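Now for the letters of each chain:
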Amino acid sequence: AQVYGREPEDVTKNMRRDAKVINFGILYGMSPHGLSVATGMTMAAAKDFIDKYFQLRKTMLNYLDSLRTQAREEGYVETLFGRRRPTPDVKSSNFIVRQAAERAALNMPIQGTAADIMKMAMIDLDKSLKNRRDTHMLLQIHDAVLIECPESEADEVAREVKNVMEEVVDLGVKLTADTSIGKNWGEL
């Protein structure tokens with residue numbers, strides 16, 4: 001809604017997808033130049049947007065700063081579930097190497113936690129769908145899972161998948177999952 005200057009109820013699925021790209025891009029260190037290229041904003045508008053973004057999300061800025069500090073002082077960052085990534089290159093004398101290591105250090109705890117959650121969801125989905133003889137998880141890409149089932153069970157399976165994925169962990173905020181049904185991947 002903020003990206004497009006609209007009321008939340010007027011945001012479309014495509015707008016949400018674009019805003020997600022912008023949101024995560026900024027979180028992972030997207031520059032004003034990168035934002036202007038991604039959105040068509042002027043450089044000045046992109047810089048202003050990033051500044052406003054972090055003014056509104058001071059807690060997020062503090063979190064990112066704490067990750068930078070942890071990466072330098074402790075030599076690693078970790079996911080919410082304790083999976084660690086060493087960060088030795090954040091101390092590199094080479095600016096390009098150091099900047100890349102810092103972006104990776106900011107990215108890993110968030111993306112890694114999402115990957116951890118997806119792995120847990122797939123384990124729970126496997127258990128939940130076990131008794132459905134003709135239902136199979138075929139493919140997982142990022143935060144999506146492709147499931148094949150009989151057409152007559154598609155609505156029921158979609159509800160079950162949505163429930164399992166939304167309930168896999170309690171983060172203090174509600175996870176939401178969208179489902180789509182189609183005869184092939186192209187229809188989704």
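Residues numbered from 1 in each chain as written. Predicted model: local features only at pLDDT ≥ 70, side-chain atom pairs only at ≥ 80, totals over all residues. Heavy atoms only, no water.

Q: Would you mind going over the confidence of the model for the chain in detail, with residue names and values included?
A: Per-residue confidence for the chain averages 91 on the pLDDT scale, and 99% of its residues sit at or above 70. Within the chain, no element has a lower average pLDDT than helix α1 (residues 13–27), which sits at 79, and none a higher one than strand β1 (residues 76–78), at 98. (pLDDT = per-residue confidence, 0-100. Helix = DSSP H or I, 4+ residues; strand = E, 2+ residues; numbered from the N terminus.)

Q: So, the nonpolar core: which residues are in play, and what are the values?
A: Core analysis: the biggest nonpolar cluster contains 19 residues, and I26, L35, F49, Y53, F54, L64 and V77 have the highest contact counts within it. Going through the elements one at a time, α1, α3 (43–56), α4 (58–74) and α5 (95–129) are the ones with two or more residues in this core. Looking at this core element by element, the count peaks at 5 residues for α3. Within the second largest apolar cluster, 13 residues are counted, among which are I117, V145, V157 and V168. (Core = buried A, V, L, I, M, F, W, Y, C linked by side-chain atoms within 4.5 Å. Buried < 20%, exposed > 50% of the residue type's maximum accessible area, 1.4 Å probe, protein only.)

Q: With reference to specific residues and values, describe the side chain of T113.
A: Of note, T113 is situated in helix α5. A polar atom in the side chain of T113 sits 2.6 Å from the backbone oxygen of P109. Contacts of T113, omitting those with residues within four sequence positions, involve T79, L80, F81 and M108. (Polar contact = N/O pair within 3.5 Å; in protein donor to acceptor, adjacent residues only side chain to side chain. Contact = heavy atoms within 4.5 Å.)

Q: Can you tell me about the packing of aromatic side chains, naming the residues and giving the values?
A: In total, this model carries 1 aromatic pair according to the counting rule given. Taking 5.1 Å as the distance between ring centres and 90° as the angle between the ring planes, the aromatic pair formed by Y53 and F54 counts as edge-to-face. Across this residue pair, the class does not change: Y53 and F54 are buried. The ring centre of Y53 lies 4.3 Å from the NZ or CZ of R57, which sits over that ring. Sitting above the plane of the Y76 ring, R84 keeps its charged end 3.8 Å from the centroid. (Phe/Tyr/Trp six-rings, centres within 6.5 Å; stacked < 30°, edge-to-face > 60°. Lys NZ or Arg CZ within 6 Å of the ring centre and 35° of its normal.)

Q: So what about the pattern of salt bridges? Which residues, and what values?
A: Applying the stated criterion across every chain, the model contains 11 salt bridges. Ionic pairing is found between E78 and R84, a salt bridge with its closest N-O pair at 3.4 Å. Taking the relative accessible area as the measure of exposure, E78 reaches 28% and is therefore partly exposed. Judged by relative accessible area, R84 falls into the exposed class, the value being 52%. With its nearest N and O atoms 3.1 Å apart, the salt bridge here joins E151 to K183. Placement of E151 in the loop between β4 (144–148) and α6 (154–167) and of K183 in the segment after α6 is noted, with a sequence separation of 32 residues between them. (Salt bridge = Lys/Arg side-chain N within 4 Å of Asp/Glu carboxyl O.)

Q: Explain the packing of α3 against α4 to me, using residue names and the numbers behind them.
A: One way to put it is that α3 packs onto α4 with a least axis distance of 4 Å and a crossing angle of 95°. One element, α3, and the other, α4, form an angle in the roughly perpendicular class. Packed against α3, whose contacting residues are F54, Q55 and L56, the element α4 presents K58, M60, L61 and L64 at the interface. Among the residues forming the contact of α3 with α4, the class breakdown is 5 nonpolar, 1 polar and 1 charged. (Axes fitted to C-alpha atoms, helices over the stretch in contact; angles between N-to-C directions. Parallel < 35°, antiparallel > 145°, perpendicular 65-115°, else oblique. Nonpolar A, V, L, I, M, F, W, Y, C, P; charged D, E, K, R; others polar.)

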